[in-house]
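# Understanding the architecture of this molecule
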Amino acid sequence: MISDIPASIGRNTLNQVQTIGRSGVFLFRSLAQAFVPPFRIWRVIKEIQFIGTKSLLIVFVTGLFTGMVLGLQGYHTLTQFGAEALLGSAVALSIIRELGPVLCALMVAGRAGSAMTSEIGIMKITDQFPALEMMAIDPVKYVISPKLIAGILSLPLLTAFFDVVGIFGGYLVGVNLLGVNEGAYFGKMVTAVTFTDIYGGVIKSLTFGLLIAWISTFMGVTAQADTEGVSRATTRAVVFSSVSILVMDYILTSLLL
Amino acid sequence: MIIIENLVKNYGSVAACNHLTCRFEKGKVTVILGGSGSGKSTLLRQVTGLERPDSGQILFDGVDLSRVHKKALYAQRKKMGMLFQGSALFNYLNIFENIAFPLREHTRIADSVIKTLVTMKLEMVGLRGTEHLMPSQLSGGMMKRAGLARAIVMDPQVIFYDEPTSGLDPISTGVIDKLILDLNQKLAITSVVVSHDIESCFRIADKIIILFFGEIIAEGTVDEIRNSTDPRVMQFITGAPEGPIPFTRTKTNYLDELLMR
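None of these values were measured; they are calculated from a predicted model.

## Notes on the interface of chain B and chain A
Counting from both sides, the interface comprises 15 residues of chain B and, opposite them, 11 residues of chain A. Listed by contribution, the elements that provide at least two residues to the side of chain B that touches chain A are helix 2 (70-77), strand 6 (80-83) and helix 3 (95-106) of chain B. For the side of chain B that touches chain A, the element with the most residues is helix 3 of chain B, which contributes 3 residues. Considered class by class, the residues forming the side of chain B that touches chain A number 8 nonpolar, 4 polar and 3 charged.

Here's what the structure looks like:
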């Protein structure tokens, strides 16, 4: 019936708004639990190992090739104006301001975010949350909070690593392959990159870390309790995190510039 | 001892618990029997504090679990052990760490003592030698026993079993039954078993409570239930497809629904 259409639009909108509200409450509760003793520092370290250390290789490879491509593209553009000496600053600025935080976050969302969602989903299917409850352990504090804290802490570190590797990649192509002067590459970089650029990159990566951990854990907790539900939640976690990283990147850039 | 008074829990218009009153006595095995959807799992979730009732009281060791705050509830939980239907072992920890988990979380016992305690509990359930295996490497019956070892590692006063024998072969069922009885005797605890396995129930129960649509329709010893003349009880025990307990839950008339189209 025709009257069903507005009703279903209304119902869907209400559902969406409710989900957003619930995810906000979920984030607040989980973060608050992280600051209530006893502190689970060991759990946070383990999660940092999972999100951070185990992402090092993939971040290294993406960082290296991003820097190399930037070196190549930048060189060909800059030589047209005879400004290839600026290659170092061009590579460093694009990586530190934009590509480092964004690409790194996208890689982590794909690797660690999806794993977080499916891990939580499986714990949910197999009754491990009530099992923790029955052992007098708060599942939110034990499972969720450490992941959020670890996500917020890991991303800036990984991004810093990405930045260094990327700049090195640009150096490999620019200086070693195409013959840009080494002194110019690093010298121009030092004068061009200001503290504001680095600070902006850190702010972005902190935000992205929170976004990935928040979306991935929330998708896991709200996954439908069957195998299909978990696989759907995992896909949704990656898609939602990736899209929100890009949207948030625009918002943050416009605020920081 | 657990005393349940006038417990009410509704899901929408469905009454999962309809003014339930019963007690689980210390040192005895109480079995809650009922078909699917009879409210037995809901009752268990409320008695363990996983869900709050709409009204009524659950007295556990003198504390009303239907009203307490999280901290007090957790304090009571340390006296409870629970065996979940799918055993709910942590899939990322091996059997030893699974069983040691509550000890590591709640006590400051030295590692060597934890090892002794875990070995003792594993011996009780006949799983010594599987410490290093992951839960996925165990069979269904072994997983249940490992889950049981974890449930008793803190020496609880009450153990809850959620369908402990469902999905097990006859021998594993017998092993679990024997374990429930042994533990009940050795540890002098309160055992509460939720089940729909009549045979196993008759072997282990000191007291049987039969639920039907959120209400207790029979309560008594094994003999009393066996000799019951209530047609609903008789149907449940014999597993007759025809009887006062309907096969279908639909309330609308079949013919009416067919003719509506």
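## Focus on helix 6 (residues 139-177) of chain A
Residue and element names in this part refer to chain A. When the terminal C-alpha atoms of helix 6 are compared, their 54 Å separation across 39 residues agrees well with the 57 Å that a helix rising 1.5 Å per residue should span. The sharpest bend along helix 6 reaches about 30 degrees and sits at S145, with the proline P146 one to four residues further on. Where helix 6 ends, the next residue or the one after it, G179, has phi of about 80 degrees, a positive value.

## A short note on the sheet that holds strand 5 (residues 63-64) of chain B
The strands making up a sheet associate through hydrogen bonds between their backbones, and the pairing can be parallel or antiparallel. The sheet built from 4 strands is open, its strands ordered 2-1-4-5 (chain B) with antiparallel pairing. In the strand order of this sheet, the two ends are held by strand 2 (14-24) and strand 5 of chain B, each with one partner.

## Quick notes on helix 3 of chain B
Of all the positions in helix 3 of chain B, only I95, N98, I99, A100, F101 and P102 of chain B are classed as buried. In this fold, the buried residues of helix 3 of chain B make contact with helix 4 (111-124) and helix 5 (140-152) of chain B.

## Let's talk about the nonpolar core
Within the largest apolar cluster, 67 residues are counted, with the highest numbers of intra-cluster contacts made by V31, I99, A149 and I159 of chain B. It is helix 5 of chain B that provides the largest number of residues to this core, a total of 6 residues. Look past the residues within four positions of A149 of chain B in its chain and what remains in contact with it is I99, K121, L122, M124, V125 and L127 of chain B. Judged by nonpolar contacts, the second largest core, of 51 residues, contains V59, M116, L155 and V230 of chain A.

## Some thoughts on the packing of helix 3 of chain B against helix 5 of chain B
Think of two packed helices as two axes; the pair is described by the angle between the axes and how far apart they sit. All names here are of chain B. Contact pair helix 3 / helix 5: the axes reach a minimum separation of 7 Å and the direction vectors enclose 25 degrees. Overall, the two elements helix 3 and helix 5 adopt an arrangement that is roughly parallel. For the crossing formed where helix 3 meets helix 5, the hand is right-handed. Facing I95, N98, I99, F101 and P102 of helix 3, the residues of helix 5 in contact are A146, A149 and R150. Looking at the contact of helix 3 with helix 5, its residues break down into 6 nonpolar, 1 polar and 1 charged.

## A word on the confidence of the model for chain B
Averaged over every residue, the pLDDT of chain B is 86; residues scoring 70 or more account for 97%. In the predicted assembly, ipTM is 0.85 and pTM is 0.85.

## Structural notes on the sheet that holds strand 6 of chain B
Residue and element names in this part refer to chain B. Spatial ordering of the open sheet is given by 6-7-8-3-9-10, a layout of 6 strands whose pairing is mixed. Of all the strands in the sheet, the pair left with one neighbour each is strand 6 and strand 10 (215-220). Averaged over all pairs of adjacent strands, the angle between their axes in this sheet comes to 15 degrees, without regard to strand direction.

Rules behind the numbers
- Residues numbered from 1 in each chain as written.
- Chains lettered and ligands numbered in written order.
- Predicted model: local features only at pLDDT ≥ 70, side-chain atom pairs only at ≥ 80, totals over all residues.
- Contact = placed C-beta atoms within 7 Å.
- Helix = DSSP H or I, 4+ residues; strand = E, 2+ residues; numbered from the N terminus.
- Nonpolar A, V, L, I, M, F, W, Y, C, P; charged D, E, K, R; others polar.
- Expected span 1.5 Å × (residues − 1).
- Bend = angle between axes of the 7 residues up to and from the residue.
- Pairing = 2+ DSSP bridges.
- Buried ≥ 20, exposed ≤ 12 C-beta atoms within 10 Å, placed from the backbone.
- Core = buried A, V, L, I, M, F, W, Y, C linked by C-beta atoms within 7 Å.
- Axes fitted to C-alpha atoms, helices over the stretch in contact; angles between N-to-C directions.
- Parallel < 35°, antiparallel > 145°, perpendicular 65-115°, else oblique.
- Left-handed = near helix turned anticlockwise from the far one by under 90°.
- pLDDT = per-residue confidence, 0-100.

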